[in-house]
Amino acid sequence: MSNAPVDNSRRRFLTAATTVVGGAGAVAVAVPFIASWNPSARAKSAGAPVEVDITKLELGQLIRVEWRGKPVWVVYRTPKMLEQLGQIGDRLLDPESSEEKQQPSYAQNMTRSSREEILVAVGICTHLGCSPTYISEGYEEIVEGVSSGFHCPCHGSKFDLAGRVFKGVPAGLNLQIPPYYYIDDTTILIGKDKEGAA
């Protein structure tokens, strides 16, 4: 032990410097840790609305886009396809689309769409999550008297061109209709209703 007098000013300086350095270190560790709680750019974009340009969509054609990691189909239905929608109600499980969680209120109609000629639907079977196949012609081989629709080859579920499920198949619900609206005549925003609710 030294008999030298204690330098209180030096002791206070060292205590303050240690406190400042320790506080700065804690902040340096806390900032990236707290930032890691925020969703990544990839996660943000996965839930973001998707714009779809339909200018090149032809009659009877289906295009696929991805929204929230799910396939979404956009189908330009022909007049014949639309006519058949009204003729098969008695063969469908939920022809009036009464299950509210399967579509927004503006799609709770026979065509399940806001513009009858354009169908926007999530392309995932409501049975076990397979992706049904779009059949634009020759569907009569699968469903008698119906020229086009969606067929899930995994377990045999069948849907009409409004995404309504036929009776007697494993799927118990119509295909899901995502929220969407038309920005203009040729652009659809999938993932948001016109009112802004996602």
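Our subject is the structure that appears above.
The notes below deal with the structure included here. (Residues numbered from 1 in each chain as written. Predicted model: local features only at pLDDT ≥ 70, side-chain atom pairs only at ≥ 80, totals over all residues. Heavy atoms only, no water.)

Details of the nonpolar core
Definition in use: What makes a nonpolar core is a set of buried Ala, Val, Leu, Ile, Met, Phe, Trp, Tyr and Cys residues whose side-chain atoms join them at distances within 4.5 Å. To sort residues, take the accessible area from a 1.4 Å probe on protein chains only and compare it with the maximum for the residue type: under 20% means buried, over 50% means exposed, and anything in between is partly exposed. Runs of H or I in DSSP of at least four residues are treated as helices and runs of E of at least two as strands, each being numbered from the N terminus. In this description, contact between two residues means that some pair of their heavy atoms is separated by no more than 4.5 Å.
Membership of the largest hydrophobic core comes to 37 residues, with the highest contact counts inside it found for Val 74, Phe 150, Ile 188 and Ile 190. Going through the elements one at a time, β1 (50-53), β2 (62-67), β3 (70-76), α3 (79-85), β4 (118-122), β8 (180-184) and β9 (187-190) are the ones with two or more residues in this core. Looking at which element gives the most residues to this core, the answer is β4, with five residues. When near neighbours in sequence (up to four residues on either side) are disregarded, Ile 190 contacts Pro 49, Val 50, Val 52, Val 65, Trp 67, Val 72, Val 74, Val 120, Pro 178, Pro 179 and Tyr 180.

Brief notes about a negative patch on the surface
Which entries qualify depends on this criterion: Within the patch definition used here, like charges are joined within 9 Å and nonpolar side chains (Val, Leu, Ile, Met, Phe, Trp, Tyr) within 5 Å, considering only residues with over 30% relative accessible area and no salt bridge. Note that accessible areas follow from Shrake-Rupley with a 1.4 Å probe, and for residues the cover is restricted to the protein chains shown. Just to be clear on terms, a salt bridge is a Lys or Arg side-chain nitrogen sitting within 4 Å of an Asp or Glu carboxyl oxygen. We score Asp and Glu as negative and Lys and Arg as positive, and we do not count His or the chain ends. The atoms used to mark charge sites are NZ of Lys, CZ of Arg, CG of Asp and CD of Glu.
A contiguous patch of negative charge on the surface is contributed by Glu 51, Asp 53, Asp 184 and Asp 185. Note that Glu 51 resides in strand β1. A relative accessible area of 57% places Glu 51 in the exposed class.

Focus: the packing of aromatic side chains
The cut-off we apply is this: A pair of aromatic rings is counted whenever rings of Phe, Tyr or Trp (Trp by its six-membered ring) have centres within 6.5 Å, and the orientation is called stacked for planes under 30 degrees apart, edge-to-face for over 60 and tilted otherwise. Over a ring means this: the NZ of a Lys or the CZ of an Arg is within 6 Å of the ring centre and within 35 degrees of the ring normal.
Per the stated rule, a full pass over the model turns up four aromatic pairs. Where Tyr 134 meets Phe 150, the ring centres are 5.6 Å apart and the plane angle is 40°; that geometry is what we call tilted. Placement of Tyr 134 in strand β5 (residues 133-135) and of Phe 150 in strand β6 (residues 149-151) is noted, with a sequence separation of 16 residues between them. When sorted by exposure, Tyr 134 lands in the same class as Phe 150, which is buried. Taking 6.2 Å as the distance between ring centres and 75° as the angle between the ring planes, the aromatic pair formed by Tyr 180 and Tyr 182 counts as edge-to-face. Each member of the pair, Tyr 180 as well as Tyr 182, is classed as buried. The lysine or arginine in question, Arg 115, covers the ring of Tyr 182, its NZ or CZ lying 4.4 Å from the ring centre.

Looking at the pattern of salt bridges
The final tally for this structure, using the stated rule, is two salt bridges. Residue Arg 115 pairs with Glu 117 through a salt bridge whose shortest N-O separation is 3.2 Å. Taking the relative accessible area as the measure of exposure, Arg 115 reaches 25% and is therefore partly exposed. Between Arg 164 and Asp 160 there is a salt bridge, and its shortest N-O distance comes to 2.7 Å.

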